[in-house]
Amino acid sequence: MKQVGWFSPPGIGDKMGYGYAAVMLIKALQEHDVKVAYDNRESKCHISFIQPEFYSGNLDQYRIGYTPWESSVVPDSWQGTMSVMQEIWTPSQYCVDIFEENNLNKIIRKVPHGIDPELWRIENRYLTDKFVFLHIGGPTARKGGQRVVDAFLDLFDGNDDVMLVLKSNEDTECRFYENGVDFKSASHHPQIAAIGYQVSVEDLVKIYNQAHCLVYPTNGEGFGLIPFQGIATGLPTIVTNATACADFANLSVPLDSKPAPGVGVHLGDWVEPDPDDLRDKMKYVYDNYNEVKEKTLESARIIHNTQTWHHVAAQVIDILGEKITQMA
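What this report covers is the structure whose coordinates are included nearby. Keep in mind that what you see is a predicted model, and the values were worked out from it rather than measured.

A few words now on the sheet that holds strand β7 (residues 131-136). The parallel open sheet is built from six strands, whose spatial order is β11-β8-β7-β12-β13-β14. A strand with exactly one partner marks an edge of an open sheet, and here the two such strands are β11 (192-196) and β14 (253-255). Strand-to-strand, the axes of this sheet are offset by a mean angle of 20 degrees, without reference to chain direction. Sheet analysis places strand β12 (residues 213-216) next to strand β13 (residues 237-240), joined by three bridges and oriented parallel. Within β13, the residue paired with L214 across the bridge is T237. On the sheet, helix α4 (residues 145-156) packs against β7, β8 (162-168), β11 and β12 and is oriented at approximately 170 degrees with respect to β8.

It is worth spelling out unusual backbone geometry at this point. Even without glycine at this site, D33 takes up a positive phi of about 65 degrees. Within the secondary structure layout, D33 lies in the loop between α1 (17-31) and β2 (34-38).

Okay, the packing of α4 against helix α7 (residues 275-287) next. The geometry of a pair of packed helices is captured by two quantities: the angle between their axes and the separation between those axes. Where α4 contacts α7, the axes come no closer than 9 Å and their chain directions differ by 60 degrees. In this view, α4 runs oblique relative to α7, as classed from their interaxial angle. In this structure, the crossing between α4 and α7 has a hand that is right-handed. Along the contact surface, α4 presents R147, V148, A151, F152, D154, L155 and F156, while α7 presents L278, R279, M282, K283 and Y286. Of the residues contributing to the contact of α4 with α7, the split by class is eight nonpolar, no polar and four charged.

With that out of the way, let us pick up the state of the cysteines. Scanning the entire structure with this criterion turns up zero disulfides. You can see C95 has no disulfide; the closest cysteine sulfur is in C245, sitting 10 Å from it.

Turning our attention to the packing of aromatic side chains. Per the counting criterion, the structure on display carries 15 aromatic pairs. In this structure an aromatic cluster arises from ring pairing among F131, F133, F152, F156, Y286 and Y289. Here K293 stacks its cationic end above the ring of Y126, 4.6 Å away from the centre of that ring. Lying over the aromatic face of Y62, K323 brings its terminal NZ or CZ to 4.9 Å of the ring centre.

What counts, and where the lines are drawn
Note that residues are indexed from 1 along each chain, following the sequence as it is written. Side-chain atom pairs in this predicted model are given and counted only at pLDDT of 80 or more, local residue features only at pLDDT of at least 70, and totals for whole chains, interfaces and linings cover all residues. No hydrogens and no water enter the side-chain calculation; it runs on all heavy atoms of the structure. When DSSP finds two or more bridges between two strands, those strands count as paired. Only runs of H or I of at least four residues qualify as helices and only runs of E of at least two qualify as strands under DSSP, and these elements are numbered from the N terminus. Between the N-to-C directions of two axes lies an angle of 0 to 180 degrees, each axis being a line fitted to C-alpha atoms and, for a helix, fitted only over the stretch in contact. Residue contacts are defined here by distance: any two heavy atoms, one from each residue, within 4.5 Å place the two residues in contact. Every angle not falling under 35 degrees, over 145, or within 65 to 115 is termed oblique; those three ranges are roughly parallel, roughly antiparallel and roughly perpendicular. In a left-handed crossing the near helix is turned counterclockwise from the far helix by less than a right angle, and in a right-handed crossing that turn is clockwise. Gly counts as polar in this scheme, as do all residues outside two lists: the nonpolar Ala, Val, Leu, Ile, Met, Phe, Trp, Tyr, Cys and Pro, and the charged Asp, Glu, Lys and Arg. The rule for a disulfide is simple: a pair of cysteine sulfur atoms within 2.5 Å. For this analysis, a ring pair means two rings from Phe, Tyr or Trp (six-membered ring only for Trp) whose centres lie within 6.5 Å, classed as stacked if their planes differ by under 30 degrees, edge-to-face if by over 60, and tilted for the remaining angles. Whether a charge sits over a ring comes down to the Lys NZ or Arg CZ being within 6 Å of the ring centre and within 35 degrees of the ring normal.

Laid out in structure tokens, this is it:
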């Protein structure tokens, strides 16, 4: 059996984002007969799958930091820690480019996220008496929930054959307006349903499967699991064709954007999705559903054949080679 040291801090979570990706890659490595030893300081190789302030490992280990980021400049506090790793791994070409431009390490590799094919199964969705748009993310503004609400109501307000579902882990902060005046929470609109709490991954899959189109006009992503998982099930997905999502946006419905200043901790630039293109793409999917669905179903088959967590684990083992400890 082979062994690799691993560190992801307690409390990172296992149902979404970073934590979910860590758990899935650990399981896939174990299925490849690799023991993942938590914070083990004796393994030849040690992977810190977390933000750089939490990187760990001994100086005599081959230390790898695995981190995504969403804007063009990384925090100053990361730079020293990232530079002393032997390698930096990151899940998208965008992040590779950003980390190289910031001169963070001599070896920076793209190691993408994947999907569990038994969970994120391909679904051939059929139109029903109500067309369902879905947005997942937030309540952070970066994920674009308010943009989706605004575009949806511009296009479909008063059309009871169309609804929007907003899924986040807290109560939605999205609003809707009447005559240009902030009216009330979007969840009070009769065509909008809000799910403002955490659900199991299995229940999240069900939410995806009950929708006809996922809409994800993000400012910036380090990978973009939410839209990637949607496409992997064959769900037509409108996603910003920039930052990390540029790796896969063309597999379904790419959304135009332009560079814009980052906000808060996101230094440098990210992007601003084009609101006119967002409305156009939502209308196009609604009017040409079967065409877009067939394209996305073909893309889902490509993902299932090339980018499962099993594929990612095989890539990790190939990269590490002799750096993985051989156990008796």
